[in-house]
Amino acid sequence: MILNTEQTTPACDLADEHARDLKDNTPRESAAETLEALRQAELRYHGIFDNSLHGIYQSTHEGRFLNVNAAFARMLGYDSAEELIANYASIDQNYYADSSVRPHLKRTLEEGGAVRGFECQARRRDGVLIWTRENFYAVRDSVGRLLYYEGSVEDITERKEAELALRDSEERYRRLFADANDAVYTTDLKGNYTSMNRAGEKLTGYALDEILRMNFRQIAAPECIERVREKLKSKLRGEETTTCYETEIITRAGERLNLEVSTQLIHDACGEPFGVQGIARDVTERKRAEEALRQSEERYRELFENANDIVYTHDLLGYFTSLNKTGERTTGYTREEAYHLNIADVVAPEHFSRARQMLSNKRGGEESTRYELEIISKDGRRVPLEISTRIVCKDGEPFGVQGIARDITERKQSESALRHIAFHDALTGLPNRALFTQQLHVAVEGAKRESRTLFAVLFIDLDRFKVINDSLGHPLGDELLVALARRFEGTLRGGDTVARLGGDEFAILLNDLDRPEDALRVADRVLSEIGEPFQLGGHEVFTTASIGIALSTTGYTNEEEVLRDADTVMYRAKAQGAARYEVFDQRMHARVVAQLKLENDLRRAIERKEFRLHYQPIVSIESGRVTGFEALVRWHHPERGLVKPSEFIPTAEETGLIVPLGSWVLEAACRQMRAWHELSPLHEGLKLSVNLSGRQFAQAGLLERITRVLAETRLDPRCLQLEITESVLMDNARAIIALMDELRALGLELAIDDFGTGYSSLSYLQRFPIHTLKIDRSFISERGAQDHDNAEIVRTIILLARNMGKEVIAEGVETEEQFARLRELDCPYAQGYLFSRPQDTAATERMLREGLHSGLFLAPARDLQLA
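**Student:** How should I be thinking about the overall build of the chain in this particular structure?
**Tutor:** Along its length, the chain carries 36 helices and 32 strands. Counting the 867 residues in the chain, one finds 44% classified as buried. Nonlocal contacts in the chain, meaning residues at least 24 apart in sequence, comprise 56% of its contacts between residues at least 6 apart. Looking at the chain as shown, the accessible area adds up to about 46400 Å², and 50% of this sits on carbon and sulfur atoms.

**Student:** Can you walk me through the pattern of salt bridges in this structure?
**Tutor:** Once the charged atoms of two side chains with opposite charge are near each other, the side chains can pair. The tally for this structure, following the rule as stated, stands at 58 salt bridges. For Asp425, the salt bridge identified is with Arg500, shortest N-O distance 3.1 Å. Of the two residues, Asp425 is situated in the loop between helix H17 (409-423) and helix H18 (433-449) and Arg500 in strand E17 (residues 497-502); the sequence distance between them amounts to 75 residues. Taken individually, Asp425 and Arg500 each receive the classification buried, so the pair is uniform in this respect. In this structure, the salt-bridge partner of Arg564 is Asp565, at a minimum N-O distance of 2.9 Å. Residue Arg564 is classed as partly exposed on the basis of its relative accessible area of 36%. Looking at Asp565, the relative accessible area reads 3%, which means it is buried. Among the ionic contacts, a cluster of salt bridges with common partners joins Glu372, Glu386, Arg411, Lys412 and Glu415.

**Student:** Got a minute to help me understand the confidence of the model for the chain in this structure?
**Tutor:** Atomic detail in the predicted coordinates should be set aside for any region of low pLDDT. Taken residue by residue, the chain gives an average pLDDT of 84. The fraction at 70 or more is 90%. Across the chain, the element-wise mean pLDDT spans from 34 in helix H36 (residues 863-866) up to 96 in strand E18 (residues 505-510). When the criterion is pLDDT under 50, residues 1-23 qualifies, and its contacts beyond four places in sequence or with other chains add up to 34 contacts. Note that pLDDT drops below 50 for residues 862-867; the model gives that stretch twelve contacts with residues more than four away or on any other chain.

**Student:** Whenever I open this one, the environment of Gly127 confuses me. Can you help?
**Tutor:** Tracing the backbone shows Gly127 in the loop between strand E3 (115-123) and strand E4 (129-140). Looking at Gly127, the relative accessible area reads 39%, which means it is partly exposed. Each C-alpha atom, one on Gly127 and one on Leu76, is 9.5 Å from the other, the two residues being 51 residues apart in sequence.

**Student:** How do you make sense of the packing of helix H25 (residues 658-677) against helix H27 (residues 702-713) when you look at a structure like this?
**Tutor:** When two helices pack together, their arrangement is given by the angle between the helix axes and the distance between those axes. As a packed pair, H25 and H27 sit with axes 9 Å apart at the nearest point and diverge in direction by 30°. When the interaxial angle is binned, H25 and H27 end up roughly parallel. Both H25 and H27 take part in a crossing whose hand is right-handed. In this structure, H25 contributes Ser663, Leu666, Glu667, Cys670, Arg671 and Arg674 to the contact, and H27 contributes Arg705, Ile706, Arg708, Val709, Glu712 and Thr713. Residues of the contact of H25 with H27, tallied by class, amount to four nonpolar, two polar and six charged.

**Student:** How do you make sense of the sheet that holds strand E2 (residues 65-68) when you look at a structure like this?
**Tutor:** The five strands lie next to each other as E2-E1-E5-E4-E3, forming an open sheet whose pairing is antiparallel. The sheet terminates laterally at E2 and E3, the two strands that pair on one side only. Strand-to-strand twist across the sheet, computed as the mean angle between neighbouring axes with direction ignored, equals 30°. Pairing analysis gives five bridges linking strand E1 (residues 55-59) to strand E5 (residues 146-155), with the strands arranged antiparallel. Each bridged residue has a counterpart across the sheet, and for Gln58 the counterpart in E5 is Glu150. Along the sheet face, helix H6 (residues 101-110) touches E1, E3, E4 and E5 and points at about 165° away from the line of E3.

**Student:** Explain the nonpolar core here, please?
**Tutor:** One broad trend across soluble globular proteins is that nonpolar side chains are buried collectively. Counting residues in each nonpolar core, the largest one holds 76 residues, and the members touching the most others are Leu688, Leu720 and Leu722. Take this core: its biggest share by element is nine residues, from H25. With sequence-adjacent residues up to four places away left out, Leu720 is seen in contact with Leu666, Cys670, Leu688, Val690, Leu710, Leu715, Leu748 and Glu749.

**Student:** When you look at H27 in this model, what are you seeing that I'm missing?
**Tutor:** One turn of an α-helix holds 3.6 residues; hence residues three or four places apart share an orientation. End to end, H27 covers 17 Å across twelve residues, agreeing with the expected 16 Å (1.5 Å per residue, within 8%). When we look at burial in H27, the residues that qualify are Leu702, Leu703, Ile706, Val709, Leu710 and Thr713. Buried residues of H27, seen end-on, are gathered within an arc of 130° and therefore sit on one face of the element. With respect to the buried face of H27, the exposed residues turned more than 90 degrees away are Glu704 and Ala711. Two residues or fewer past H27, Arg714 is found with a positive phi of approximately 60°.

**Student:** Whenever I open this one, the packing of helix H19 (residues 465-472) against helix H20 (residues 474-491) confuses me. Can you help?
**Tutor:** At their nearest, the axes of H19 and H20 sit 6 Å apart, and the two run at 135° to each other. In this view, H19 runs oblique relative to H20, as classed from their interaxial angle. Every residue of H20 that contacts H19 at Phe465, Ile468, Asn469 and Leu472 is listed here: His474, Leu476, Gly477, Leu480 and Leu481.

**Student:** For this particular structure, what's the right way to read the side chain of Thr497?
**Tutor:** Counting through the fold element by element, Thr497 comes out in strand E17. Looking at Thr497, its side chain comes within polar contact range of the side chain of Gln439, at 2.5 Å. Every residue in contact with Thr497, bar those within four places of it in the chain, is listed here: Pro431, Phe436, Gln439, Leu492, Ala507, Ile508 and Leu509.

**Student:** What is the right way to read the sheet that holds strand E9 (residues 256-267) from this model?
**Tutor:** Within a sheet, neighbouring strands are paired by backbone hydrogen bonds and run either parallel or antiparallel to one another. Taken in spatial order, the five strands line up as E7-E6-E10-E9-E8 in an open sheet, and their pairing is antiparallel. Here the strands that pair on one side only, and so sit at the sheet edges, are strand E7 (193-196) and strand E8 (242-250). Averaged over all adjacent pairs, the angle separating strand axes in this sheet is 30°, with direction ignored. Packed on one face of the sheet, helix H10 (residues 225-236) meets E8, E9 and strand E10 (273-282) and runs near 160° to E8.

**Student:** What exactly am I supposed to notice about the packing of aromatic side chains here?
**Tutor:** For any pair of aromatic rings, the description rests on two quantities: the centre-to-centre distance and the angle between the ring planes. Under the criterion given, the structure shown has 17 aromatic pairs. Ring centres of Phe629 and Trp676 lie 5.9 Å apart, and the angle between their planes is 55°; on these two criteria the pair is classed as tilted. On the criterion of sequence distance, the pair formed by Phe629 in strand E24 (residues 626-637) and Trp676 in helix H25 is long-range, its members being 47 residues apart. It is Lys160 that lies over the ring of Trp131; its NZ or CZ is 4.5 Å from the centre. In this structure, Arg487 is placed above the aromatic ring of Phe534, and the distance from its NZ or CZ to the ring centre is 3.6 Å.

Definitions and limits used
- As a convention, each chain's residues are numbered from 1 in the sequence order in which they are written.
- With the structure being a predicted model, the display of local features is reserved for residues of pLDDT at least 70 and the display and counting of side-chain atom pairs for 80 or more, all residues being used for whole-chain, interface and lining totals.
- No hydrogens and no water enter the side-chain calculation; it runs on all heavy atoms of the structure.
- Helix numbering and strand numbering both begin at the N terminus, where a helix is a DSSP run of H or I of at least 4 residues and a strand a DSSP run of E of at least 2.
- Using a 1.4 Å probe on the protein chains alone, a residue whose accessible area is under 20% of its type maximum counts as buried, one over 50% counts as exposed, and one in between counts as partly exposed.
- When checking whether two residues touch, look at their non-hydrogen atoms; a contact exists if any pair is within 4.5 Å.
- Accessible surface area values rest on a Shrake-Rupley calculation with a 1.4 Å probe, where residue burial reflects the displayed protein chains alone.
- Criterion for a salt bridge: a side-chain nitrogen of Lys or Arg within 4 Å of a carboxyl oxygen of Asp or Glu.
- Across the chain, each position has a pLDDT score giving the predictor's confidence in that residue, from 0 to 100.
- Axes, fitted as lines to C-alpha atoms, cover a helix only where it is in contact. Angles between the N-to-C directions of the axes lie from 0 to 180 degrees.
- Here roughly perpendicular refers to angles of 65 to 115 degrees, roughly parallel to angles under 35, roughly antiparallel to angles over 145, and oblique to all remaining angles.
- Note on convention: near helix rotated counterclockwise from far helix by under a right angle means a left-handed crossing. Clockwise means right-handed.
- The classification used treats Ala, Val, Leu, Ile, Met, Phe, Trp, Tyr, Cys and Pro as nonpolar, Asp, Glu, Lys and Arg as charged, and all other residues, Gly among them, as polar.
- For two strands to be treated as a pair, DSSP must find no fewer than two bridges joining them.
- Only buried residues count toward a nonpolar core, which is a set of Ala, Val, Leu, Ile, Met, Phe, Trp, Tyr and Cys residues joined through side-chain atoms within 4.5 Å.
- Expected helix span is taken as 1.5 Å per residue step, with the number of steps being one fewer than the number of residues.
- Throughout, the arc means the angular range of directions from the helix axis out to the C-beta atoms.
- Whenever two N or O atoms come within 3.5 Å, that pair is a polar contact, provided that in protein one can donate a hydrogen and the other can accept it, and provided that, for residues adjacent in sequence, both atoms are side-chain atoms.
- Any Phe, Tyr or Trp ring, taking Trp's six-membered ring, that has another such ring centre within 6.5 Å forms a pair; planes under 30 degrees apart are called stacked, those over 60 apart edge-to-face, and the others tilted.
- By the criterion adopted, a ring carries a charge over it if an Arg CZ or a Lys NZ lies within 6 Å of its centre and within 35 degrees of its normal.

Structure below.
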């Protein structure tokens, strides 16, 4: 026994104590014999303790090791028992993985008896947990005092891991059993079902609880029962372990199914068979096909010869062994010639690897394959085929391949046509946006890989194409687009791409440019080609285009960015006067980003009600009295302060936000004017002018919206004047007349704003129910007034309006000279800084109240002169 040198072992203490008792109470000869017997017993104990294959330890009540044997030390990873005892301060904290184990063992001993076969986890020196099985008992002296605890420990880690692995394996088997596509079942040796998976329930039509009350004879076809029994007897005799055979069953619905079954015996722990496990697959369709084939070889032969598809066979090396008549017609080879050919002689070289792979798959056990490839006929034609092949077996061994091939030339042509339709414009035949985007993607990726690769995109939009459609008709407009497509194609190199993106928008991708200037030269050439007259349907048609150019030197990461920038700069070219091109740069991108931020801020501004109304008076030139106000919207941005209308109104128009903004302006202005009417009878006749955009006129329900606002604000319709621009009027002339008549029927007035800058038709002007013409400020300004032609235009407008019975308001009056000139021309009304800048609601109301107190309601800047 290995002893702890610092303490006296409990075994020696016990022997010494017993020896003293004997010495004191027995004769000398008898005591000597007893001590010798004790020493012999101690030696035997030491031999067992030291040489035991299992670990043995002795510990105090407090949990300190007193003695351990070598096996226990090795079990915990120590070189010696002394090293183990020196390193373990406490059994509870260091040895047992669960500190509650030892107190539990001690309580169990106190309650009586030893603890045998107790399993727990212990901690090795390196921290690894092992499973142990322990016998634990208390050693006491002759009077029952506890001397020490002793434990016998067996390392059962391998057994526990095996048990866990077995549980995992059983769980995997359970999942495989439940989810298998084939029917999996077990029976006892009498054929009573003991389990069945979901696939088996589906196959037989019986629910699991029904199946577990059934014998296989209730499902098997009567003629197959004896064969199944013989298979089981053969297994029980040990003649075969696993049996594969085919049988038939009758489902709950009465349908007969052919099954391919694989079975094996299930043995208990003693190796005795107690049941059968089976896996069944429904091969009904396959059996029916095989049976039909066996029943009529002649029918098959006739089908083989006269089939519309190619039918052939070849051996596993690829040499043809049969070919039907369709195959002869398609390939050009007679069957006798085909018998000397290998598939490598017929299949197109670039497709041969695929054919070889299919053959290899079949050699590996794959039953059926469907794929496409091309063959080369005897006369050199390439024929695309859709092929379905299967392995041909004899006595269970594969010996060849049977194939059915269909000539899919027409289908391929149709697919090619469909692909062309999917990626080309139906009208012009040019690539469409989808194909252009794909090719642009390739160009962008190439430029990212090789920075020296240069490309450019030209985004082309026809100028005033709508006028051509409206005046000459859409068929002629389509002819123009087709003619343009042909001209574009004639200006490009072979590697470039021109596409129609939609409507009258085209795009050109210029690849592999030497210099950025090359793109500008192409743009010049394109503009020149577009500028040449087109002879269409007996008409000589002229058109121009605006082009936006995006160069790859900008450093694009995707194709959407290129098209975005080219589109952006195209609109800049159009705004600069059309029939020209512009090149995108980063500063322009910054402006676009700023424009986008403005749009986002504008949307939030409408939600947060950040807009205010200012009012500018309209003055009678004859009396100097204020006759009304024009309501002008102002945006008080929380960060930028006052934003000019010229900054946000175009964005509102473009995005459609002008519609909700315009609705708010109309309602707020009408409500305010109604409040001012109530100041005094002198104010009741004041008129309100509100601008309407083209977007608002195009909105459905405009008439109903205006009617509702007038009703809610209780404003007299005769005091409301709606202003629209000439361009809006003329662009929608025919459609807008009916709406204007309905608006006039409400009692309100209509005015043309910025008159003289557009292209009004006098005939339309006479037909429109217009009450007022507002002369544009460009004719009234100091520079405009000094121009003799402008002065004559103002005179003509005033005379025209008087003859047509319409009122005139001159906008932008800023000086006394302008005012005097307008009075000489007998202009009835004026508006401008000479009288007042646009003022907020409070300032305007102060002006109205001051005019009331003075007894005169005159223009504030001119009351003395006009009084």
